[in-house]
There are 2 protein chains.
Amino acid sequence: MIPSAHRRLAATRATLLPEHKPEGSRGVILEVALKLFAERGYAGASIREIAEAVGMKSASLYAHYPSKEHILAELCRIGHEEHRRSIHRALLECGADPRDQVVAYVHAHVAMHAQFPMLAVVANGELHALSSELGAATFELRNQSIQVLEDIVRRGIERGVFQIPHVWLGVAAIGAMGMRVAYWYTPEFELSSEHVAEVYAEFALRVLGAPEPTQRGAG
Amino acid sequence: MIPSAHRRLAATRATLLPEHKPEGSRGVILEVALKLFAERGYAGASIREIAEAVGMKSASLYAHYPSKEHILAELCRIGHEEHRRSIHRALLECGADPRDQVVAYVHAHVAMHAQFPMLAVVANGELHALSSELGAATFELRNQSIQVLEDIVRRGIERGVFQIPHVWLGVAAIGAMGMRVAYWYTPEFELSSEHVAEVYAEFALRVLGAPEPTQRGAG
DNA sequence: GTCTATATGAAGATAGAC
DNA sequence: GTCTATCTTCATATAGAC
């Protein structure tokens, strides 16, 4: 089933873990801004709209954040840190087999995009709106995450586990599949985020020329 | 405006085919708006910036388009029509083998995103900013294009050519791989758009459980 | 920390001269 | 078709009372 075409993304609720969310009004503002930035884009959402949704006057926001851009910067940082944290944890729990590492990476990547779709849409899709000063650290985080997957794939190729015509294209394709999940996934989807993540991990192995034998045969 | 941390997409020039572009000022406005909408988003680019880049005053734009939203609507329509046209043409030139059809579809899909990256970014990524009235026809185009791929994949499964755990997820993943190309491809990339399209077509076959035997073995 | 009030500028769009 | 001039609304952000 295809998600609603008019919305920028299918999710309707902003999900932020307690550890992502500051205490008090600061956290409420961040969550409300996340929803509005995800739905309308950073430039398309105004300070006044955020304030109204929070239940404040716009001037009061400035007691918590020095500017609209600082709110976006915090959301981008949280999103990319959650992404990295999730992937690091998954990689720690798997062995040295490049196949297991790809499964761990892609599972974490996809599950994060399904479980925090608004965070993923904003952190990825609005990062360009940040000034160099506010965005540099987050940009660096993103490049590191891509590099981790590239390293796993190159190691798998050296060991003869993966066969792929072009490493970077494969990494880009695998990353892209997962990023897009944030736009259509909702908790109402017929499969859980875990299940989607498992299927996408298999897709990634297939792209890398190392499909799971059981799933391949079963169809 | 403060300089940004990075570019929203790698391409630096707006590409529009002659048949996409109206005559005279109308065409110039369209091309300039395409570049600015792609780089900053629809909400982030102003009528005044477009006018300045064209070499006009903002009021003069209204002799050619009734509103900013109408400019976006035309760009979205052109983008999705080019996408559909390109896929239809490719499918006419291939046979009845679902493998050939997937290759034709994905090749056209990816080549379009590489050759017209700004058009793809705007037509896909800013469609949500259109009102229902101005966006409805283009939404319909988009849904049709997705349906075409889904039909090809289902037919291939029925014939035992493809094996995939979940059809819709596979279609979504293949579509996503190609859409993302618009964000990173430039003519300076080490591979031509044709070559990238060929590699991605092979990725799609792999996701569908029907890789090219030669490429799979060759790695 | 939240409010009212406001500064300052930019937004989309229109009127009417040429 | 393009201009100057302007309307109206909205934007981000600040000042200062409570």
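Refer to the structure printed above.
Rules used in this analysis
Residues numbered from 1 in each chain as written. Chains lettered and ligands numbered in written order. Predicted model: local features only at pLDDT ≥ 70, side-chain atom pairs only at ≥ 80, totals over all residues. Heavy atoms only, no water. Salt bridge = Lys/Arg side-chain N within 4 Å of Asp/Glu carboxyl O. Helix = DSSP H or I, 4+ residues; strand = E, 2+ residues; numbered from the N terminus. Buried < 20%, exposed > 50% of the residue type's maximum accessible area, 1.4 Å probe, protein only. Least-squares fit on C-alpha atoms with pLDDT ≥ 70 in both. Contact = heavy atoms within 4.5 Å. Near = heavy atom within 4 Å. Nonpolar A, V, L, I, M, F, W, Y, C, P; charged D, E, K, R; others polar.

A. Looking closely at the pattern of salt bridges. Throughout the structure, instances matching the rule amount to 24 salt bridges over all chains. The closest approach of N and O atoms between K21(B) and E31(B), which form a salt bridge, is 2.7 Å. With a gap of 10 residues between them, K21(B) in the segment before helix 1 (24-40) and E31(B) in helix 1 connect regions that are remote in the sequence. Relative accessible area serves as the criterion here: at 31%, K21(B) is assigned to the partly exposed category. A residue is classified by how much of its surface remains accessible, and E31(B), at 22% relative accessible area, is partly exposed. Among the charged side chains, a network of salt bridges with common partners joins R26(A), E74(A), R77(A) and E81(A).

B. A look at the relation of the copies chain A and chain B. For the pair chain A and chain B, the superposition axis carries a translation of 0.0 Å, the fit reaches an RMSD of 0.1 Å, and the rotation angle comes to 180°. Both copies are brought into coincidence by an operation consistent with a two-fold rotation axis.

C. The environment of G156(B), seen in detail. All names here are of chain B. When you line up the elements, G156 lands in helix 7 (residues 132-158). Residues G156 and S67, spaced 89 residues apart in sequence, show a C-alpha to C-alpha distance of 45 Å. In this structure, G156 is in contact with P98, V161 and F162, ignoring residues within four places of it in sequence.

D. Structural view of the protein's contact with DNA strand D. I47(A), R48(A), K57(B), S60(B) and H64(B) are the nearest of the 15 residues found near DNA strand D. Here the atoms of DNA strand D within 4 Å of the protein split so that 53% fall in sugar or phosphate, with bases taking the remainder. Mapped onto the surface near DNA strand D, the elements with two or more residues apiece are helix 2 (47-54) of chain A together with helix 3 (58-61) of chain B. Within the surface near DNA strand D, the residues separate by chemical class into 7 nonpolar, 5 polar and 3 charged.

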